[in-house]
Amino acid sequence: MSLALRKGVVARRAVQRCLATHAPVEKDCTSITPPYGKLLGKLELVRELLNHRPLTLAEKILYSHLIDPEKSLVGRGKVRGEAYLQLNPQRVAMQDASAHLQFMSAGLPRCAVPTSIHCDHLIQAADGAASDLERSIISNREVFDFLESAARKYGIEFWKPGSGIIHQIVLENYAAPGMLIAVVAYGINESLTCFADSHTPNAGGLGLLAIGVGGADAVDAMTGTPWELKAPQVVGIHLTGELDGWATPKDIILYLTGKLTVRGGTGRILEYFGPGVHTQSCTGLATIANMGAEVGATTSTFPYTANMRAYLHATGRGPVARAADEAASRGYLKADEGCEYDEVIEINLSKLEPMINGPFTPDLATPLSKFGSFVQDNGWKDEVSACLIGSCTNSSYEDMTRVAEIAEQAKAAGLKTKVPFLCTPGSEQIRATMERDGVTSSLQDVGATVLANACGPCIGQWKREDAKGKENGVCVTVHSNFKSRNDGNRHTMNFLASPTVPFKFSSPKGQDLPSNGFTLGNHSYYPSPMPQPQPETEPFPSHFGPHNPRGLELPALKVLMRVRGKCTTDHISAAGPWLKYKGHLTNISENTCAVNDEGGDTNVAFDHDHDTTETACDTIPTIAKRFKSRKQPWALIADENYGEGSAREHAALQPRFYGCAIIIARSFARIHETNLKKQGVLPLWFADVADYSHVGSGDTVETMGIAALLGGDPNAAIKLRVLKRSGEVIEIPVKHTMSADQLNWFRAGSALNYIRSQLT
């Protein structure tokens with residue numbers, strides 16, 4: 001079959017599938033339909049500024065959302081990887097207590113853009129959906145009541161606990177092709193959406209740019225302040241062939257994660273193209289985009305497809321689909337012929353086999369055919385203690401129906417699961433449709449426990465009693481697998497796989513869209529769209545002022561510790577039970593952790609200035625609190641890719657709360673570096689990575705060159721004068737990535753302080 005004919009067949013099947021589905025009631029899509037006419041008009045200006053060179057899809061979406069294309073692009077030479085872009089998001093979405101806490105300090109009566117709050121992180125998995133949800137609502141009532149009242153006060157859409165995982169809800173309700181989204185779990189304006197979470201790119205399954213950010217970045221959108229992003233490079237992922245047998249979309253990203261590693265996507269957008277894209281379902285593409293965060297990618301995107309159109313119609317967004325069809329006909333929703341990528345990676349889907357990644361890092365990729373010998377060579381137990389299906393990565397209707405097909409085969413063979421088998425629907429819409437269509441009963445018939453519509457074990461909310469402190473292996477469909485991530489047990493080896501890998505029998509097909517349409521389920525979970533406000537924290541101080549005798553240089557800093565090796569945001573601020581303190585910075589800061597390079601111990605820091613009533617070493621929070629009580633600002637030394645993993649903004653808030661002023665690292669993960677900047681912590685890079693080992697706990701650090709930088713010299717050389725505890729003095733050159741606006745945040749003490757100063 002020719003490529004053109006195959007694409008035509010795929011398109012017709014998608015339309016037929018949509019027409020065969022019970023027609024949903026179309027939603028009011030006014031606030032979620034991108035202003036395609038305006039975006040296309042701005043794109044024409046961008047083309048003129050860039051001498052009409054062919055553009056990638058990522059560039060089209062990104063540059064058409066520029067506030068002032070001439071300011072961002074003219075005279076900048078190379079744009080990708082160098083220029084800072086000022087953008088205007090269209091919507092903000094937040095997980096639990098995040099950006100709105102900072103927004104409340106801005107003093108505005110309502111958000112400048114449509115905004116939503118999603119309660120998905122505080123529901124602990126234990127016994128099953130009903131009892132887990134009830135227990136969570138009771139134990140977190142203070143937090144949920146506060147979130148709902150804050151949403152009511154500022155006109156924010158409030159998705160109640162049990163409504164689903166933020167990323168699935170955004171895909172089902174807010175995402176649109178060609179939109180630009182920035183996520184704290186999220187945020188948006190003029191087709192740019194802003195979310196606060198690193199797995200925001202999930203929405204990219206609908207052919208948009210969804211970029212994970214920290215809460216302070218989302219506040220930019222919520223206050224109408226330009227949101228700044230360093231222009232990413234663009235990597236082209238060329239998909240050919242078709243998936244066969246047991247291989248699924250999850251295996252595409254598992255394979256790519258092994259190829260790129262956890263740092264290979266940093267500062268880059270992954271743009272998929274080729275015939276293999278058009279054979280994937282919309283939710284399958286979302287899975288690929290979701291886990292792109294694990295390679296550090298800014299986001300992932302795909303050209304508009306017939307399956308995206310069908311998904312929009314099936315979820316009540318026909319007006320968006322029709323508008324997207326028109327924009328696609330004018331060339332907006334695909335890359336230009338002849339565009340150039342910074343790198344191209346070829347993947348033949350026909351040759352791809354199922355992958356299993358891990359343990360303890362998502363980029364340790366092993367083909368299924370070699371997994372047995374891999375386990376044997378490492379001397380691990382050849383058994384699985386639990387299987388988890390779900391999370392924001394694999395919780396769609398298609399995922400669940402594929403697993404249900406296998407469950408039905410198992411039931412026919414008289415088999416039941418021998419280990420805990422947990423399934424998490426991505427949203428109330430998915431749960432209700434599963435229940436109506438018999439999918440839930442098929443899973444339960446073989447021993448599955450269906451959990452609440454929430455993040456659950458993916459972010460450590462798993463009350464697991466059977467393997468405490470024991471070495472064991474679990475097979476999970478989540479996106480991250482760092483130590484202690486799922487159950488709090490550092491000995492649990494967590495292997496990432498597609499939903500169908502834990503099973504045998506014939507390969508399942510699944511349904512990407514239900515033949516009888518989606519059902520909404522419990523309507524009480526859903527917010528009123530675009531609610532009107534119903535009116536009824538103390539910012540971090542600046543490092544500069546009368547209290548600082550060094551003027552515009554930082555005050556003398558004491559080094560708290562030198563962090564060893566991989567230090568993810570899960571290490572710095574673990575999830576699980578601690579999430580109940582997300583709205584209580586004092587309490588959650590007691591959860592600040594890392595591995596100390598000077599001794600190799602976890603959560604141990606040294607106090608070289610302790611008095612006779614204090615110990616020479618203690619936990620990291622205890623020593624940090626001592627520094628704070630002495631009014632002693634401090635510095636942290638870190639290794640490569642510091643802050644990788646989830647966007648978890650508390651990993652920046654907590655050190656800042658205790659008095660951290662700078663972190664000097666061999667390298668940073670993108671989102672965490674931005675989060676540090678937003679909170680007034682200066683991230684510096686060692687010019688020579690070998691200097692990492694030349695600074696240790698108890699040393700005193702003074703900055704040289706910050707005053708010149710803040711004084712307007714963007715090329716000012718920055719050095720650190722280090723007074724060793726031995727009395728030796730050394731100077732270490734460092735680098736920075738601060739833009740002019742980011743320097744304003746730093747000088748003010750935080751981005752929020754600066755925004756507030758501009759609004760008053």
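Keep in mind the model is a prediction, meaning the values are calculated, not measured.

1. Quick look at the overall build of the protein chain
Step number 1: When you go through the protein chain residue by residue, the secondary structure sums to 25 helices and 29 strands.
Step number 2: Relative to the globule expectation of 27 Å for 760 residues, the C-alpha radius of gyration of the protein chain, 25 Å, shows essentially globular dimensions.
Step number 3: Here the C-alpha coordinates of the protein chain stretch approximately 75 × 60 × 55 Å along the principal axes.
Step number 4: Each of the 760 residues in the protein chain was classed as buried or not, and the buried ones make up 60%.
Step number 5: Accessible surface, the protein chain: about 27500 Å² in total, of which carbon and sulfur atoms supply 51%.

2. So, the packing of aromatic side chains
Step number 1: Taken as a whole, this structure holds 14 aromatic pairs when the rule is applied.
Step number 2: Among the aromatic residues, those joined into a ring-pair cluster are Phe 371, Phe 374, Trp 380 and Phe 495.
Step number 3: Across from the ring centre of Tyr 174, 4.0 Å away, lies the NZ or CZ of Arg 91, which sits over that ring.
Step number 4: Just above the ring of Tyr 692 sits the side chain of Arg 562; from NZ or CZ to the centre is 5.7 Å.

3. Quick notes on the sheet that holds strand S10 (residues 233-240)
Step number 1: Spatial ordering of the open sheet is given by S12-S11-S10-S13, a layout of four strands whose pairing is parallel. Only two strands of the sheet have a single partner each, and these edge strands are strand S12 (299-301) and strand S13 (343-348). Averaged over all pairs of adjacent strands, the angle between their axes in this sheet comes to 20 degrees, without regard to strand direction.
Step number 2: In this structure, S10 lies alongside S13, joined through six bridges in parallel fashion. By the bridge assignment for S13, Ile 237 is matched with Ile 345.
Step number 3: Its contacts with the sheet put helix H10 (residues 249-260) on S10, strand S11 (268-273) and S13, and the angle it makes with S13 is roughly 135 degrees.

4. A closer look at the sheet that holds strand S25 (residues 660-665)
Step number 1: Taken together, seven strands build a closed barrel; the order of strands is S21-S24-S25-S26-S29-S28-S27 and the barrel is mixed. Across the sheet, the mean angle from the axis of one strand to that of its neighbour is 40 degrees, orientation sign disregarded.
Step number 2: Most of the contacts of helix H20 (residues 620-629) go to strand S21 (residues 557-562), to which it runs at about 175 degrees, and overall it touches S21 and strand S24 (634-638).

5. Quick notes on helix H15 (residues 397-412)
Step number 1: Counted at 1.5 Å a residue, the expected span for H15 with its 16 residues is 22 Å, and the 22 Å between its end C-alpha atoms agrees.
Step number 2: By the burial criterion, the buried members of H15 are Tyr 397, Glu 398, Asp 399, Met 400, Thr 401, Arg 402, Val 403, Ala 404, Ile 406, Ala 407 and Ala 410.
Step number 3: In this structure, the buried side of H15 is in contact with helix H11 (282-291), strand S16 (386-389), strand S17 (421-423), helix H16 (428-436) and helix H17 (439-444).
Step number 4: Just beyond H15, the residue with positive phi is Gly 414, at close to 75 degrees.

6. Quick notes on the packing of H10 against H11
Step number 1: Where H10 meets H11, the closest approach of the two axes is 8 Å, and the angle between their N-to-C directions is 20 degrees. Considering their axes alone, H10 and H11 lie roughly parallel with respect to each other. Crossing of H10 over H11 shows right-handed handedness. Residues Pro 249, Lys 250, Ile 252, Ile 253, Leu 254 and Thr 257 of H10 form the contact with H11, whose own contacting residues are Gly 284, Thr 287, Ile 288 and Met 291.
Step number 2: Considered class by class, the residues forming the contact of H10 with H11 number six nonpolar, three polar and one charged.

7. A few points about the pairing of S24
Step number 1: For S24, the tally of buried residues reaches five of five residues, placing the bulk of the element in the interior.
Step number 2: On S24, burial covers both faces: Trp 634, Leu 636 and Ala 638 on one face and Ala 635 and Ile 637 on the other are all buried.
Step number 3: Strand direction decides the pairing type here: S21 and S24, joined by four bridges, are parallel. Each bridged residue has a counterpart across the sheet, and for Lys 558 the counterpart in S24 is Trp 634.

8. Points about the environment of Tyr 642
Step number 1: Structurally, Tyr 642 can be placed in the loop between S24 and helix H21 (650-658).
Step number 2: As a C-alpha pair, Tyr 642 and His 672 span 30 residues in sequence and 7.8 Å in three-dimensional space.
Step number 3: In this structure, Tyr 642 is in contact with Cys 567, Ile 572, Leu 636, Ile 663, Ala 665, Ser 667, Phe 668, Ala 669 and His 672, ignoring residues within four places of it in sequence.

9. Some details on the pattern of salt bridges
Step number 1: Considering all chains together, one arrives at 33 salt bridges under this definition.
Step number 2: The salt bridge involving Glu 640 is made with Arg 263; its shortest N-O contact spans 3.2 Å.
Step number 3: Residue Glu 640 is classed as partly exposed on the basis of its relative accessible area, which comes to 29%.
Step number 4: On the basis of relative accessibility, which here comes to 45%, the residue Arg 263 falls in the partly exposed class.
Step number 5: The salt bridge partner of Glu 428 is Arg 431, with a shortest N-O separation of 2.7 Å. With Glu 428 and Arg 431 both in helix H16 and three residues apart, this pair spans about one turn of that helix.
Step number 6: What makes Arg 431 partly exposed here is its relative accessible area of 22%.
Step number 7: Residues joined in a network through salt bridges with shared partners are Asp 607, Glu 614, Asp 618, Arg 626 and Arg 630.

Basis of the calculations
- Residues numbered from 1 in each chain as written.
- Predicted model: local features only at pLDDT ≥ 70, side-chain atom pairs only at ≥ 80, totals over all residues.
- Heavy atoms only, no water.
- Helix = DSSP H or I, 4+ residues; strand = E, 2+ residues; numbered from the N terminus.
- Rg over C-alpha atoms; globule rule 2.2 N^0.38 Å.
- Buried < 20%, exposed > 50% of the residue type's maximum accessible area, 1.4 Å probe, protein only.
- Areas by Shrake-Rupley, 256 points an atom, 1.4 Å probe, with all protein chains shown as cover.
- Phe/Tyr/Trp six-rings, centres within 6.5 Å; stacked < 30°, edge-to-face > 60°.
- Lys NZ or Arg CZ within 6 Å of the ring centre and 35° of its normal.
- Pairing = 2+ DSSP bridges.
- Axes fitted to C-alpha atoms, helices over the stretch in contact; angles between N-to-C directions.
- Contact = heavy atoms within 4.5 Å.
- Expected span 1.5 Å × (residues − 1).
- Parallel < 35°, antiparallel > 145°, perpendicular 65-115°, else oblique.
- Left-handed = near helix turned anticlockwise from the far one by under 90°.
- Nonpolar A, V, L, I, M, F, W, Y, C, P; charged D, E, K, R; others polar.
- Salt bridge = Lys/Arg side-chain N within 4 Å of Asp/Glu carboxyl O.

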